[in-house]
Amino acid sequence: MSFDTQIIDFIKQPNYLPMKQHELAIALGLTSKGQRAELRHALKDLEERGLISCLRKNRWGLPDKSNLIQGVVKMLPKGGAVLIPLNSNEDELFIGAKNMGLAYPNDIVEAERYHAEWSSRRRSSESPERRNEGRIVAILERRTHQVVGTLKKARYNSFVIVDDPGFPNSVRIADSGQIKKDHKVLVELDPWNDPYQSITGIIKEDLGEASAPGVDIDSLLKAAGIDEAFPDHVLNEVKDIPLAISDDSMNGRRDLRSDVIFTIDPETARDFDDAISIDPHPQGGWKLGVHIADVSAYVTEGSALDREAFRRGNSIYLVDRVVMMLPSELTTQICSLNPNSDHLTHSVYIHLSAEGERLGYETFPAVIHSKCRMTYQQVQKHMIGENGHNIPEIIQRKLTILYPLIRKVRQRRMRKGSLEINTPDVEIKLNDNGEVASMIPRSEAKDAYQLIEDCMLLANRAVAEKLMEATGRPALYRIHEEPDEEQWNRMAMELNALGIPVLPRTRKELNEAFALAADTPTEYTALLAILKNFKRAEYAGRQLGHFGLAFEDYTHFTSPIRRYPDLVVHRLLKSIENNEPPTLSKINIEEIAHHCTETEKKADELEKKSTERKRLDYYNTLLKKGKSATFNGFIVGIKKRGMIIELPDSLQRGMVAFKSIRSDWLEADETLTRVENRDGVIRYKLGDPLEVMISKVDLERALLDFFISGEPQQESKRHYKRRVEPDLRSGRPKIHSKHRRRRKKR
């Protein structure tokens, strides 16, 4: 009988009462240190496998399966974690730092809920609610196998401080070789089965000195398991794609090369996947052409290129680079709608009345020859009547028709309930050393951007309707569900705290809130209060509509160079146009939708982290140089410990801790929308402007602390001289050395 079986059989006895480890050792007749150590390891191993459980007061027994919950571990910055249940009908579970067991970030684990009375004893008596708490008892799936961190060297060993602040400990390295300290390294983790033992690993790659240009973003990508470079077999497949358009690829396509077609993109864009045209319609009104790069003509289903594109899901736009979904030969040359060259497209013609009403549409494969490549800045100059835009005369005439027409299209969309949301964004420009050179809000070419946005929305909606009309066929949609009851309530509470008397439950009421906040000091904070209480848009194989846009049918069709779902929609559309059976089943579509939703979330998180890292470096440099400037911010959140401040010029967030305000004793109210003093007087509320200065930048945890400008700060602790004590033997003053002096041998 194995030792594990012996332990389990003993615990399974009907008269067994939970015992501590030393009590089990006595009961099993284990007397030597070796046997007791073997018992300790066996207990931990059995707990990992979910066969036994460590109960209250470190007593061992069989697990109560009815009280277990499975989920994903999401670490908290201050320690502990939140367990996101795999079953969406179950509530989230808080896991304290002492109850994390052997969990790494994002692991799938099994946790045991505390009994309500046990949980309540651990909660503050002032808390209005009881929080579900638990303890991790088993690791079901390891999702973290490699980490990135900074190599440190001690006298006898080396270790890596992991970049992820949620990682439980540093990683001990047996052999760091010739790699210098303070280098960023990629570490492959060894199995970790005992929480009382150190986490160990092996260095797989030296990423370079931590402060070297680009190493910070390289580290982010490596930690996320993202490779910029494409495998050789994928690149070899690209080499076989001809640059010139063959006669065979022209079959079944409309020849639009003589039409006046043009592109409008950001100044830094390298790939152009959409172009537009505007011409009179034979039946009256206007014919808007939206021409999208036909990537599906080059990336065939099931090919190495296709499998790699699916794995990546989408391109990732970081602060200093773009990690492309497809190799650059495709994205910037073959597929990209560069000017003055022929390119294959999948086009949509939309028939618009003079008042911007859609009268009809058609989709078809085509070949085009773009006449001009313009930037948003150029088009914006032309729209407001400025000179120096350098746009050809023939294109100017087209733009003069397009502006008022698309403006009417947008106004009709707003009247039907579409939300007017201008998401705040900042463009960060870096110098040659990878440091922040400037941070500029992206509002310079708002009208030009909206012009292209509405053209793309028209095309996406037309394609979605065509997919819906082909009943019985699988299709991929872009959905956005409306907020749930809790989100509506939180939104209403925050808007009321900002002085906006709206209790929103519909899109119309949300637009009323936007209108009331417009051109007021609370406009920015009101927008954030609404946006953070929205659900996230995602991909799905069923059509649920798009809440924000007020569309019953919507999909993504216009960016197949950088989004895999758009490429799939192109293939589905072609099969409908050619009256061919679809090559994907509904199950395939659901798998693609789920995978691409997850890769999009990952990309958004990386984009956010890369921007945050550069911003924090920028403010840390200012702090080190003593440039303690005053910044104008807004209170965008209130916590128990302090107020969250956001600087609109850079979108940097930080906290003003209540303990840093020495002029008054302050605390948050129950709704977390106001800050009061002991007398109940409201000192601050959500949305208030506030002048702040930087107090501290924590690069490891990606946190920044502010203090209120003009607020007296706590003085540094005074340093007292050590009292001089005489040596009892010699009478001379004692020498207080850091290291003990060894007595000389005689």
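See the structure shown above.
Keep in mind the model is a prediction, meaning the values are calculated, not measured.

Calculation rules
- Residues numbered from 1 in each chain as written.
- Predicted model: local features only at pLDDT ≥ 70, side-chain atom pairs only at ≥ 80, totals over all residues.
- Heavy atoms only, no water.
- Helix = DSSP H or I, 4+ residues; strand = E, 2+ residues; numbered from the N terminus.
- Buried < 20%, exposed > 50% of the residue type's maximum accessible area, 1.4 Å probe, protein only.
- Contact = heavy atoms within 4.5 Å.
- Areas by Shrake-Rupley, 256 points an atom, 1.4 Å probe, with all protein chains shown as cover.
- Lys, Arg positive; Asp, Glu negative; His and termini not counted.
- Charge placed at Lys NZ, Arg CZ, Asp CG, Glu CD.
- Axes fitted to C-alpha atoms, helices over the stretch in contact; angles between N-to-C directions.
- Left-handed = near helix turned anticlockwise from the far one by under 90°.
- Nonpolar A, V, L, I, M, F, W, Y, C, P; charged D, E, K, R; others polar.
- Phe/Tyr/Trp six-rings, centres within 6.5 Å; stacked < 30°, edge-to-face > 60°.
- Lys NZ or Arg CZ within 6 Å of the ring centre and 35° of its normal.
- Parallel < 35°, antiparallel > 145°, perpendicular 65-115°, else oblique.
- Expected span 1.5 Å × (residues − 1).
- Pairing = 2+ DSSP bridges.
- Core = buried A, V, L, I, M, F, W, Y, C linked by side-chain atoms within 4.5 Å.
- Salt bridge = Lys/Arg side-chain N within 4 Å of Asp/Glu carboxyl O.
- Patch = residues over 30% accessible without salt bridge, like charges linked within 9 Å, V, L, I, M, F, W, Y side chains within 5 Å.

**Q** Describe the overall build of the chain, and please don't skip the residues or the numbers.
**A** Counting its regular elements, the chain contains 16 helices and 33 strands. Dimensions of the chain, computed from C-alpha atoms along their principal axes, come out at roughly 105 × 70 × 60 Å. Of all 746 residues assigned to the chain, the portion counted as buried reaches 47%. Across the chain, every contact between residues at least 6 apart in sequence was considered, and the portion connecting residues at least 24 apart equals 65%. Total accessible area on the chain is roughly 40,400 Å²; 47% of this is exposed by carbon and sulfur atoms. Positive and negative side-chain charges of the chain, numbering 113 and 111 respectively, have mean locations separated by a distance of 10 Å.

**Q** How would you explain helix 7 (residues 304-312) if you had to name every residue and give the values?
**A** Owing to its 3.6 residues per turn, the α-helix aligns residues three or four sequence positions apart on the same side. Those residues of helix 7 that fall on the buried side of the exposure criterion are Ala 304, Leu 305, Asp 306, Glu 308, Ala 309 and Arg 312. For helix 7, the elements touching its buried residues are helix 6 (232-239), strand 18 (322-323), helix 8 (328-334), helix 15 (564-577) and helix 16 (586-624). In the segment just after helix 7, Gly 313 is the residue with positive phi, at about 85°.

**Q** Could you give an account of the packing of helix 10 (residues 393-415) against helix 11 (residues 446-469), naming the residues involved and the relevant values?
**A** At a minimum axis distance of 10 Å, the contact between helix 10 and helix 11 shows a crossing angle of 65°. For the crossing formed where helix 10 meets helix 11, the hand is left-handed. Across the interface between the two elements, Leu 402, Tyr 403, Ile 406, Val 409, Arg 410 and Arg 413 from helix 10 touch Gln 450, Leu 451, Glu 453, Asp 454, Cys 455, Leu 457 and Leu 458 from helix 11. Of the residues assigned to the contact of helix 10 with helix 11, the class counts are 8 nonpolar, 1 polar and 4 charged.

**Q** Provide a residue-level description of the packing of aromatic side chains, including the pertinent values.
**A** Within the structure shown, the criterion is met by 12 aromatic pairs. Ring centres of Phe 534 and Phe 547 lie 6.0 Å apart, and the angle between their planes is 90°; this geometry places the pair in the edge-to-face category. Residue Phe 534 is located in the loop between helix 14 (523-531) and strand 25 (538-540), and its partner Phe 547 is located in the loop between strand 25 and helix 15; the two are separated by 13 residues in the primary sequence. Taken individually, Phe 534 and Phe 547 each receive the classification buried, so the pair is uniform in this respect. Cluster of aromatic residues (ring-pair linked, three or more members): Tyr 104, Phe 167 and Trp 192. Sitting above the plane of the Tyr 539 ring, Arg 478 keeps its charged end 4.6 Å from the centroid.

**Q** If you had to explain the packing of helix 12 (residues 485-497) against helix 14 to someone new, which residues and values would you point to?
**A** Two elements in contact, helix 12 and helix 14, have axes whose closest approach is 9 Å; the angle formed by their N-to-C orientations is 170°. Comparing their axes, helix 14 and helix 12 come out roughly antiparallel. Here helix 12 contributes Met 491, Glu 494 and Leu 495 to the contact with helix 14, which in turn contributes Ala 526, Ala 529 and Ile 530. Taken together, the residues that form the contact of helix 12 with helix 14 break down as 5 nonpolar, no polar and 1 charged.

**Q** Describe helix 16, naming the residues involved and giving the relevant values.
**A** For helix 16, which comprises 39 residues, the first-to-last C-alpha distance of 57 Å matches the rise-based estimate of 57 Å (1.5 Å per residue) to within 8%. Of the residues flanking the end of helix 16, it is Gly 626, one or two places downstream, whose phi is positive at about 80°.

**Q** Go over the sheet that holds strand 32 (residues 689-698) with me, naming the residues and quoting the values.
**A** Pairing within the closed barrel is mixed, and its 5 strands lie in the order 26-27-28-33-32. Averaged over all adjacent pairs, the angle separating strand axes in this sheet is 50°, with direction ignored. Two elements, strand 28 (residues 652-657) and strand 33 (residues 703-708), share 2 bridges in a ladder whose sense is parallel. Residue Met 655 lies in a different strand from strand 33, and its bridge partner there is Asp 705. Packed on one face of the sheet, helix 14 meets strand 26 (631-638), strand 27 (642-647) and strand 28 and runs near 35° to strand 26. Sheet strands in contact with helix 16 are strand 26, strand 27, strand 28, strand 32 and strand 33, and its direction is about 90° off that of strand 32.

**Q** Lay out the sheet that holds strand 4 (residues 81-85) with the relevant residues and their values.
**A** Read around the barrel, 5 strands follow the order 3-4-5-7-6 and close on themselves; strand pairing throughout is mixed. Taken over all neighbouring pairs, the strand axes of this sheet differ in orientation by 50° on average, direction set aside. In this structure, strand 3 (residues 68-75) lies alongside strand 4, joined through 5 bridges in antiparallel fashion. Bridged to Lys 74 within strand 4 is Val 82.

**Q** So, the nonpolar core: which residues are in play, and what are the values?
**A** One recurring pattern in soluble globular proteins is that nonpolar side chains are buried together. By size, the foremost hydrophobic cluster in this structure holds 81 residues, and its most contacted members are Phe 262, Ile 264, Leu 288, Leu 330, Met 374 and Leu 476. Residue contributions to this core peak at 10 residues, all from helix 11. Discounting residues that sit within four places of it in the chain, Leu 476 has contacts with Leu 467, Tyr 539, Ala 540, Thr 555, Pro 565, Val 568, Val 569, Leu 572, Ile 589, Ile 592 and Ala 593. In this structure, Met 491, Val 636, Leu 647 and Leu 704 belong to the second largest nonpolar core, which totals 61 residues.

**Q** So what's going on with unusual backbone geometry? Residues and values would help.
**A** Most peptide bonds adopt trans geometry, and most residues besides glycine take a negative phi value. Positive phi, close to 60°, is recorded for Asn 58, a residue that is not glycine. Residue placement: Asn 58 occurs in the loop between strand 1 (53-54) and strand 2 (60-61). If you check the backbone angles, Asn 390 has positive phi at about 60° while not being a glycine. When you line up the elements, Asn 390 lands in the loop between helix 9 (376-383) and helix 10. Given the relative accessible area of 67%, Asn 390 is considered exposed.

**Q** If you had to explain the side chain of His 183 to someone new, which residues and values would you point to?
**A** Along the chain, the position of His 183 falls in strand 11 (residues 183-189). Judged by its relative accessible area of 14%, His 183 falls in the buried class. Every residue in contact with His 183, bar those within four places of it in the chain, is listed here: Gly 149, Thr 150, Leu 151, Asp 206, Gly 208, Glu 209 and Ala 210.

**Q** A description of the pairing of strand 23 (residues 436-441) should follow, citing residues and the corresponding values.
**A** When strand 22 (residues 426-430) meets strand 23, the two strands line up antiparallel, connected through 5 bridges. Note on strand 23: the bridge partner recorded for Glu 427 is Ile 440. If you look at the hairpin formed by strand 22 and strand 23, you'll find 5 residues sitting between the two strands, and Gly 434 has a positive phi there, around 75°.

**Q** Which residues make up the pattern of salt bridges, and what are the values?
**A** This model, assessed by the stated rule, comprises 43 salt bridges. We note a salt bridge from Lys 601 to Glu 598, for which the minimum N-O separation is 3.6 Å. In this pair, Lys 601 and Glu 598 both sit in helix 16, 3 residues apart, roughly one turn of the helix. Overall, Lys 601 belongs to the partly exposed group, its relative accessible area being 34%. Salt bridges here are not isolated pairs; linked through shared partners, they connect Arg 410, Arg 413, Glu 420, Glu 453 and Asp 454.

**Q** Explain a positive patch on the surface residue by residue, including any values.
**A** On the surface, a cluster of positive charge is contributed by Lys 78, Arg 641, Lys 659 and Lys 696. Mapping Lys 696 onto the fold places it in strand 32.

**Q** An account of the environment of Asn 106 is needed here, citing residue identities and associated values.
**A** Structurally, the position occupied by Asn 106 is in the loop between strand 5 (93-95) and strand 6 (108-113). Asn 106 gets classed as partly exposed once you look at its relative accessible area, which sits at 32%. Between the alpha carbons of Asn 106 and Leu 344 there is a distance of 42 Å; along the sequence they are 238 residues apart. The residues touching Asn 106, leaving out its near neighbours within four places in the chain, are Val 72, Val 73, Lys 74 and Arg 143.

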